[in-house]
Amino acid sequence: MSRIKADLKRAADPWRWMILLSRFFVTFFLVGNFKAMGVFLPHIESGFDTNTASAGFVIGSSLGFGFICIGPFLGIVKAVWSARRITIVGGCISAMGILAATFSPSIVPFATFILISSVGGGIVDFAVIQPLLDYFPEDFAMANGASLAGGPVGMMVVPPTMEYLLSVYGWNAALGLLRRYPLTL
């Protein structure tokens, strides 16, 4: 009976809308950052003197790598840490990966650091699903769908922002500014 009371209390909690909004922005930044990496493609190509296939492979694999690799391990971590702590750690890993990538001398360390950043993004994305499920037990499908709408919005907003930053600061500094997004999570 206490489980039903706890669910009803959570359903009336106004903070549940903040949980939904936070998941919206996590999706906004993760998908927006991934899409914005395409803006950097010609600059990565010329900066590291590599071909389009290599640079494109690094950028293209960055999103899926973190989600595939980190999922099985986070179930264990979730039993020990709260979603908030996991999100903070994932955001820091993602930001540090992007920061290290800005100082990379060649495409191989750049790829390594971008993949590390991807792992941090996967950690954050995994961690924010559980609070959404806790606060929207009956309406999870609606809440999850509304929160995932942040991805397309991020795809429309972040790349033009990065193009502007590229024109003002250059690609290394703009990539360094991109690392600030995961720190807001």
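As shown above, the structure is provided for reference.
Definitions and limits used
Residues numbered from 1 in each chain as written. Predicted model: local features only at pLDDT ≥ 70, side-chain atom pairs only at ≥ 80, totals over all residues. Heavy atoms only, no water. Helix = DSSP H or I, 4+ residues; strand = E, 2+ residues; numbered from the N terminus. Rg over C-alpha atoms; globule rule 2.2 N^0.38 Å. Areas by Shrake-Rupley, 256 points an atom, 1.4 Å probe, with all protein chains shown as cover. Lys, Arg positive; Asp, Glu negative; His and termini not counted. Charge placed at Lys NZ, Arg CZ, Asp CG, Glu CD. Phe/Tyr/Trp six-rings, centres within 6.5 Å; stacked < 30°, edge-to-face > 60°. Buried < 20%, exposed > 50% of the residue type's maximum accessible area, 1.4 Å probe, protein only. Patch = residues over 30% accessible without salt bridge, like charges linked within 9 Å, V, L, I, M, F, W, Y side chains within 5 Å. Salt bridge = Lys/Arg side-chain N within 4 Å of Asp/Glu carboxyl O.

**Student:** Before we go on, may I ask you to explain the overall build of the chain in this structure?
**Tutor:** Within the chain, the secondary structure is distributed over eleven helices and zero strands. Ordering the α and β elements of the chain from the N terminus gives α-α-α-α-α-α-α-α-α-α-α. A compact globule built from 185 residues would reach a C-alpha radius of gyration of about 16 Å, and the chain, at 18 Å, matches this within 12%. Counting only C-alpha atoms, the chain reaches 65 × 30 × 25 Å along its principal axes. Put simply, the chain shows about 9,800 Å² of open surface, and 69% of that area lies on carbon and sulfur atoms. Of the charged side chains in the chain, 12 are positive and 9 negative, and the gap between their average positions amounts to 11 Å.

**Student:** What should I look at first to understand the packing of aromatic side chains in this one?
**Tutor:** Two aromatic rings are characterised by how far apart their centres lie and by the angle between their planes. Within the structure shown, the criterion is met by eight aromatic pairs. A ring pair is formed by W17 and F136, whose centres lie 5.3 Å apart and whose planes are at 75°; its orientation type is edge-to-face. Of this pair, W17 sits in helix α2 (residues 16-36) while F136 sits in the loop between α7 (129-135) and α8 (140-148), placing them 119 residues apart in sequence. W17 gets classed as partly exposed once you look at its relative accessible area, which sits at 44%. Seen from their ring centres, F24 and F25 are 5.4 Å apart, and the 90° between their planes marks the pair as edge-to-face.

**Student:** Honestly, a nonpolar patch on the surface in this entry has me stumped. Any pointers?
**Tutor:** On the surface, W15, M18, L21 and F25 cluster together into a nonpolar patch covering about 420 Å² of accessible area. Within the fold, L21 resides in helix α2. Assessed through its relative accessible area of 38%, L21 is described here as partly exposed.

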